[in-house]
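Structure at a glance
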Amino acid sequence: MKKITIIGAGPGGLATALLLAGKGYEVKVVEKEAYVGGRTSSFEQNGFTFDRGPTFFSMPHLLEDLFAQVGRKLSDYLTLKEVDPLYKLQFDDVAFVPHRDEEQTYRDIEQLFPSNGAGYSRFMKETRKKMNALMPLLQNKHNSLFDYTRLRALKALPSLSLGKTLYDELSKYFTDERLKLSFTFQSKYLGMSPWECPGAFSILSFMEHEYGIYHPIGGVNQITKALARAFTELGGTIELNRPVKTIIVKEGRIHGIIYEDGEKEQTDELVINADFAYAMSELVEEKHLKKYTRKKLEKKNYSCSTFMIYANVEKVYQEHHHTVLFASDYRKNVEEITGSKTLSADPSIYIHNPIVTDPTLAPEGKSPLYLLAPVPNNFSKLDWEEKKDTFAELVFDQIEKKSGFKDLRRHISSYSILTPNDWEQRFNVYKGATFNLSHNLGQMMYFRPHNQFEEIENCWLTGGGTHPGSGLPTILASATITADGIFKKDKKGILIQ
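Residues numbered from 1 in each chain as written. Predicted model: local features only at pLDDT ≥ 70, side-chain atom pairs only at ≥ 80, totals over all residues. Heavy atoms only, no water.

This is how the line gets drawn: UniProt positions are given in the numbering used here, feature names are shortened, and annotations may be inferred rather than shown by experiment.
If you look the protein up in an unreviewed UniProt entry, it shows as Phytoene desaturase from Shouchella lehensis. UniProt, in the comment section headed Pathway (unreviewed entry), describes the protein in these words: "Carotenoid biosynthesis." Its UniProt record gives the protein the following Sequence similarities (unreviewed entry) comment, quoted word for word: "Belongs to the carotenoid/retinoid oxidoreductase family. CrtN subfamily."

The structure is reproduced here in structure tokens:
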């Protein structure tokens, strides 16, 4: 039986492992941390439970389909609760609270942003068609430029909005600036600016409005825990506290791995779910690479980073589950994050207040508040040890001033901070770019690192650093593409059984 090793127990690695185990492969996942999940993991802080990274989950049918492929029911592993309204979007002069119900959102738009309701209806109708055209591109591999001559690619080309930014695309539908931002801020999920993000990504806001936003009871981290449980039930193995030091490559082909403790292990196939740029620069000897040498990796475009505050709060705020506070000058704020890479005096802030949906996350009458400010990645060379406390105070100031979380500091018993330096040094995220390689047209589809890695034989990629990109739904798609690639390669008899 073929032996497959997967480096990293993030959602991409675990989903790939589950699909492979379902086909009878001998699969082992090795993870450097003492827990599964990677960025999609949880931690406890004095009795309060926090998601470390992602807090949004949309398109649950993709996860249901993945479990069904291995004869499992997602509902046996996970309890999903829909969050509706979707979120509260707070501007200086107005708060927009979109609902899953299109008619309700239409009425709200007409009330707050007169004459824009028809644009919203048109956006939903036209982007639904765009989504149907783009899904085949997102769910299939792009290992060759010839893939673009396939019928599915030719059909999708008009939907790619080539030459248009996300902001340009939404300007077709809305005249009010605040409404444009309400449907383009999702580019932050990719760590990008709406003024640079390709127009094709208008599907991001559509996905939320069309399919809803869900909270797994226990947090989004429960998704990776569910994947891990189903995988081990199928006979798969997960080894925690097992950091890899080197990937063994001989004559352009994977032979195995060397662990930090010096132990060597052979494998027939290797799937890399570690952060892509980190893996290429730290785990693979440079002599084996041409396209992704350290020098070339430094010249790639990367997403922004995030400044995180995880606060133990001694009260429950009856505010929305998800709140976004927009900077007064949002475009300037985005330019500071992705362009000049400077620290903003007026940051945009995301507030995750899951206790209103899920009381299991903290003691009664208390809440775990997750605060996130997008900030420059570590190409900025900002001294976070010097700036983190001051910036945290600025975040608290803005929240108390702009949101319903009044007197927040007075109710915080303790909190911890995670900076871009922490993302890089503690979690091996290259340059602290939490959303991986940027998603500009020069780094998408064929031009993104291939799921069947093009530089080394028997080497595969899964996760946000390969096609189709960052975000849980797309990471699950990457797992399916990678697993299918291994299945198809074996069917052709290319690999020894």
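Text resumes after the structure shown.
**Thoughts on the state of the cysteines**
Stated formally: Whenever a pair of cysteine sulfur atoms sits within 2.5 Å, that pair is classed as a disulfide. For every residue, the accessible area obtained with a 1.4 Å probe (protein chains only) is divided by the maximum for its type, and the residue is called buried under 20%, exposed over 50%, and partly exposed between those limits.
Using the criterion set out here, one finds zero disulfides in the structure. There is no disulfide at Cys197, and the cysteine sulfur nearest it, in Cys304, is 11 Å away. By relative accessible area, Cys197 is classed as buried at 0%. You can call Cys304 buried: its relative accessible area is 3%.

**As for the side chain of Glu169**
So the rule is basically this: Where helices and strands are cited, they refer to DSSP runs of H or I of at least four residues and of E of at least two residues respectively, numbered from the N terminus. Under the rule applied, a polar contact is a pair of N or O atoms within 3.5 Å (in protein, one hydrogen donor and one hydrogen acceptor; residues adjacent in sequence only if both atoms are side-chain atoms).
Summarising the element assignment, Glu169 is placed in helix H6 (residues 166-171). Here the side chain of Glu169 touches Lys130 through a polar contact of 3.1 Å, side chain to side chain.

**Points about the environment of Phe123**
Using the following cut-off: The contact rule is simple, with two residues in contact once any of their heavy atoms fall within 4.5 Å.
Assignment of secondary structure puts Phe123 in helix H4 (residues 117-138). As for Phe123 and Pro354, which are separated by 231 residues in sequence, their C-alpha atoms are 29 Å apart. In this view, Phe123 contacts Arg128, Leu170, Tyr173, Phe183, Ser202, Ser205 and Phe206; residues no more than four positions away in its chain are not counted.

**Section: the nonpolar core**
Note the cut-off: Buried Ala, Val, Leu, Ile, Met, Phe, Trp, Tyr and Cys residues form a nonpolar core when they are joined through side-chain atoms within 4.5 Å.
In this structure, Leu89, Phe183, Tyr310 and Phe326 are the most contacted members of the largest nonpolar core, which totals 58 residues. Tallying contributions element by element places H4 first for this core, with six residues. Among all residues touching Tyr310, those that are not within four sequence positions of it are Phe43, Gln45, Phe50, Asp51, Arg52, Leu369, Tyr370, Ser414, Tyr415, Ser416, Leu418 and Trp423. Counting residues in each nonpolar core, the second largest holds 38 residues, with Leu14, Ala17, Leu63 and Ile223 among its members.

**Quick notes on the packing of helix H2 (residues 60-69) against helix H9 (residues 221-233)**
Keep this limit in mind: Lines fitted to C-alpha atoms define the axes here, with helix axes fitted over just the stretch in contact, and angles between the N-to-C directions of these axes take values from 0 to 180 degrees. Roughly parallel covers angles under 35 degrees, roughly antiparallel covers those over 145, roughly perpendicular covers 65 to 115, and oblique covers all other angles.
Running from N to C, H2 and H9 point in directions that differ by 10°, and their axes come no closer than 11 Å. It follows that H2 is roughly parallel to H9 by the angle criterion. Contacts between H2 and H9 involve Leu63, Leu66 and Phe67 on the former and, on the latter, Ile223, Ala226, Leu227 and Ala230.

**Considerations on helix H14 (residues 420-427)**
Taken residue by residue, H14 has Pro420, Asn421, Asp422, Trp423 and Phe427 as its buried positions. Elements in contact with the buried residues of H14: strand S14 (305-313), strand S17 (367-375), helix H13 (384-402) and strand S18 (412-418). One or two steps after H14, the chain reaches Asn428, where phi turns positive at roughly 55°.

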